[in-house]
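Single-letter residue listing:
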Amino acid sequence: MNQTIDNLLQHVSVRNFTNQKVTTEQKNALLDAAQSGSTSEFVQAFSIIEITDSKLRQEISDITISSPHVKEADTFYIFVADLNRQAQLLKAHNQSLDSIKNMESLLVATVDTTIAAQNMATAAESMNLGICYIGSIRNNIKKVAQAIDLPKYTFPLFGMTIGVPELKNQHKPRLPQKNQVAINSYKQLQADNLSEYDQKVKTYYANRKSNPQDTTWTEKNLNIFDHIHRPEVAAFLKEQGFSLE
Ligand SMILES: Cc1cc2nc3c(=O)[nH]c(=O)nc-3n(C[C@H](O)[C@H](O)[C@H](O)COP(=O)(O)O)c2cc1C
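Residues numbered from 1 in each chain as written. Predicted model: local features only at pLDDT ≥ 70, side-chain atom pairs only at ≥ 80, totals over all residues. Heavy atoms only, no water.

A. Broad picture of the site of the ligand. By nearness alone, 13 residues border the ligand, and His 11, Ser 13, Arg 15, Lys 172 and Arg 174 come closest of all. Within the contact set of the ligand, an oxygen atom lies 2.7 Å away from a side-chain nitrogen or oxygen of Ser 136. Within the complex, 68% of the 620 Å² of free accessible area of the ligand lies under protein. When the residues that make up the shell around the ligand are grouped by side-chain class, the tally is four nonpolar, six polar and three charged. (Near = heavy atom within 4 Å. Polar contact = N/O pair within 3.5 Å; in protein donor to acceptor, adjacent residues only side chain to side chain. Areas by Shrake-Rupley, 256 points an atom, 1.4 Å probe, with all protein chains shown as cover. Nonpolar A, V, L, I, M, F, W, Y, C, P; charged D, E, K, R; others polar.)

B. A look at the domain arrangement of the protein. We note that the domain assignment places domain 1 (3-168) and domain 2 (172-240) within the protein. Inter-centroid distance (C-alpha atoms) of domain 1 to domain 2 is 23 Å. The partner domain 2 presents eleven residues to the 19 residues of domain 1 that form the contact. For the pair domain 1 and domain 2, the summed buried surface comes to about 1100 Å²; carbon and sulfur atoms form 54% of the total. Among the residues domain 1 hides against domain 2, the three largest losses belong to Arg 138, Ile 141 and Lys 142. Together they make up 32% of the total. The interface formed by domain 1 and domain 2 includes one salt bridge. Of the charged contacts, one joins Lys 142 and Glu 239 as a salt bridge, the two residues approaching to 3.1 Å between their closest N and O atoms. Joining domain 1 to domain 2, the criterion identifies six residue pairs in polar contact (both at pLDDT 80 or more). Elements represented by at least two residues in the side of domain 1 that touches domain 2 include exactly helix H8 (141-147) and strand S5 (154-163). (Domains from an automatic or database assignment. Contact = heavy atoms within 4.5 Å. Buried area = accessible area lost by both parts, 1.4 Å probe. Salt bridge = Lys/Arg side-chain N within 4 Å of Asp/Glu carboxyl O. Helix = DSSP H or I, 4+ residues; strand = E, 2+ residues; numbered from the N terminus.)

C. Representation of the sheet that holds S5. Reading across the sheet, the four strands line up as S2-S3-S5-S4 and stay open at both edges, with antiparallel pairing between neighbours. Bordering the open sheet on either side are strand S2 (46-50) and strand S4 (130-134), each of which pairs with just one other strand. Taking each pair of neighbouring strands and ignoring which way they run, the sheet shows an average axis angle of 25°. Of the pairings in the sheet, the one linking S2 to strand S3 (residues 75-82) comprises five bridges and is antiparallel in character. Within the sheet, the bridge partner assigned to Glu 50 lies in S3 and is Tyr 77. Across the face of the sheet, helix H2 (residues 24-35) comes into contact with S2, S3 and S5 while running at roughly 165° to S2. Helix-sheet contacts for helix H7 (residues 103-126) involve S2, S3, S4 and S5, and the interaxial angle to S5 is about 5°. (Pairing = 2+ DSSP bridges. Axes fitted to C-alpha atoms, helices over the stretch in contact; angles between N-to-C directions.)

Below, the structure is given as structure tokens:
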């Protein structure tokens, strides 16, 4: 349809990078793109921290367990949901901090941060760079926050590795629109209408270049949600000043 949409439809997460550098000019463009996203009520509730220190990269890569590309990719950013700037402004003007502590503000910061990251991802892919989100920094969210000196009213949401792709898997097939898009009201999933999609995903996993697997989308999800992930995140967010209410 057009180049932007073609690029979006070709997205794949990249986990193998060449040694080629991401240039300073490219990094500046990526950061400008991230900062230019929509932002709830113009609060701009995120910060981006580039991790260049190799010891720190190793430490964070170890925390992710599954993502050695955190230390191998040329560039690694941590996206921080950030209401600390607002906290400082409110304190300086003797205003209560209650309104930045609640769940709605936490959602605002999470969404703002995610929009910035996805803008960066789209910009990177438009320059033929590869990206991978790294949610597994939350395997030890507290340690990551301490390692990068995060203050109250902030938290590390995810990282993003960026570099020149060495290997790219095929595009991962997405749910059929009939299972994800509706008009006027929500459409409940019928268990049996995923069988065609499961077969498609099975073929994708069997044939992909890296880490082939014998699984379907249904099986993956049953495995992912057979236990509670990172229950300690809530306590950490409370320590950071959020009420979760
Ligand atoms: C918020 C978020 C966190 C993610 N965390 C990781 C991660 O820690 N490690 C990793 O290898 N991939 C991670 N991914 C990549 C997903 O596994 C990937 O997007 C998904 O399997 C779809 O594949 P695709 O991006 O190649 O289409 C993450 C993606 C998102 C959106």
